[in-house]
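# Observations on chain architecture
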Amino acid sequence: MSKLRRHDENGGGDVEAFLAKLKDLPTPTPAGARGRLVLAMDATMSRQPSWDMALGIQGDMFAEAGRVGGLDVQLVYFRGFDECRASKWTGDTASLARLMAGIRCAGGKTQILRVLKHLRGEAAAGKINACVYIGDALEEPIDELAAVAGELGLVGVPVFMFQEGHDPAAQHGFQEIARLTRGAYFRFGGDAARILRELLAAVAVYAAGGFRALEAHSSARGGAATLLLKQMG
């Protein structure tokens, strides 16, 4: 399988159940360090509305993580025939927004295995604190995905699998990837935009500063961070 290409900007459960999984994870980032989070998305044809939604709220990740030490994000996406790309790392919400605004979804099969293999390579080069994956389908052999997911679990890269829709194959595969990487699984129901905004912010704060940062985030913002802390009580 070909190596992931770089994209140059210039050229199921409820919320509480999902957040409860976070309390079992170690603090990911030393004090004073910047967190690194991979935002991976299915950009096949059915995903355009969700892509636009993520574009509109991604700035919250940077804003909230910036309060506790900062966050660098890499966008990874796949679409069309054999196209799977990764952006440069960026700590600038405007740069990520420009990149996402220039991408249109296109028909094609899922390429989650390539995403996981990319994570494995990035983790070998430097610490990855977390990955968020957003999609609605899984069209690949689960055994191959599980093998790489298990490797990610061993090197400490939790993958948070966010599913839209009710595809049972996707649900099973997403849950298995989350389990093997020591991440968490969540399936959106109603009010997806609000829930995604809160969950992305919560994971971003976790990646940037761990649970002490989430406590402060909860006091200031409430929402998903508050639900997390209730699960820890």
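Structure: see above.
Report follows, based on the coordinates.

Thresholds applied
- Residues numbered from 1 in each chain as written.
- Predicted model: local features only at pLDDT ≥ 70, side-chain atom pairs only at ≥ 80, totals over all residues.
- Heavy atoms only, no water.
- Helix = DSSP H or I, 4+ residues; strand = E, 2+ residues; numbered from the N terminus.
- Contact = heavy atoms within 4.5 Å.
- Core = buried A, V, L, I, M, F, W, Y, C linked by side-chain atoms within 4.5 Å.
- Buried < 20%, exposed > 50% of the residue type's maximum accessible area, 1.4 Å probe, protein only.
- Axes fitted to C-alpha atoms, helices over the stretch in contact; angles between N-to-C directions.
- Parallel < 35°, antiparallel > 145°, perpendicular 65-115°, else oblique.
- Left-handed = near helix turned anticlockwise from the far one by under 90°.
- Nonpolar A, V, L, I, M, F, W, Y, C, P; charged D, E, K, R; others polar.
- Pairing = 2+ DSSP bridges.
- Salt bridge = Lys/Arg side-chain N within 4 Å of Asp/Glu carboxyl O.

## Details of the environment of Gly135
Mapping Gly135 onto the fold places it in strand β5 (residues 130-135). Taking C-alpha positions, Gly135 is 7.6 Å from Arg47, a pair spaced 88 residues apart along the chain. With residues near it in sequence (within four places) discarded, Gly135 still touches Asp42, Arg47, Phe162, Gln163, Glu164 and Phe174.

## Side note on the nonpolar core
Formed by 37 residues in total, the largest nonpolar core has its most connected members in Leu39, Trp51, Leu75, Val132 and Phe162. Element by element, the count of residues in this core is highest for helix α8 (residues 192-221), at 9 residues. Setting aside anything within four residues of it in sequence, one finds Val132 in contact with Leu37, Val38, Leu39, Ala40, Phe160, Phe162, Leu200 and Val203. Val115, Cys131, Leu138 and Val157 belong to the second largest nonpolar core, which has 27 residues in total.

## Topic: the packing of helix α2 (residues 48-57) against helix α4 (residues 93-101)
Running from N to C, α2 and α4 cross one another at 165°; their axes reach a closest spacing of 9 Å. Classified by the interaxial angle, the pair formed by α2 and α4 is roughly antiparallel. When the axes of α2 and α4 are compared, the crossing they make is left-handed. Facing Trp51, Ala54 and Leu55 of α2, the residues of α4 in contact are Ala97, Met100 and Ala101. Looking at the contact of α2 with α4, its residues break down into 6 nonpolar, no polar and no charged.

## Some details on the pairing of strand β4 (residues 83-87)
One face of the sheet, then the other: side chains in a regular strand alternate in exactly this way. For β4, a buried count of 4 out of 5 residues is recorded, marking the element as mostly surrounded by other parts of the structure. By the bridge criterion, 4 bridges tie strand β3 (residues 71-79) to β4 in an arrangement that is antiparallel. Looking at the pairing, Phe78 lines up with Cys84 of β4. The hairpin turn running from β3 into β4, its antiparallel successor, is 3 residues long, and Gly80 in that turn takes a positive phi close to 60°.

## Notes on the pattern of salt bridges
In this structure the tally under the stated criterion is 9 salt bridges. Across the pair Arg47 and Glu164 runs a salt bridge whose closest N-O atoms are separated by 2.9 Å. Taken together, the residues span a long stretch of sequence, with Arg47 in the loop between β2 (35-42) and α2 and Glu164 in the loop between β6 (159-163) and α7 (168-181) at a distance of 117 residues. Using a relative accessible area of 2% as the deciding quantity, one classes Arg47 as buried. Residues Arg85 and Glu83 are paired through a salt bridge, measuring 2.9 Å at the closest nitrogen-oxygen approach.

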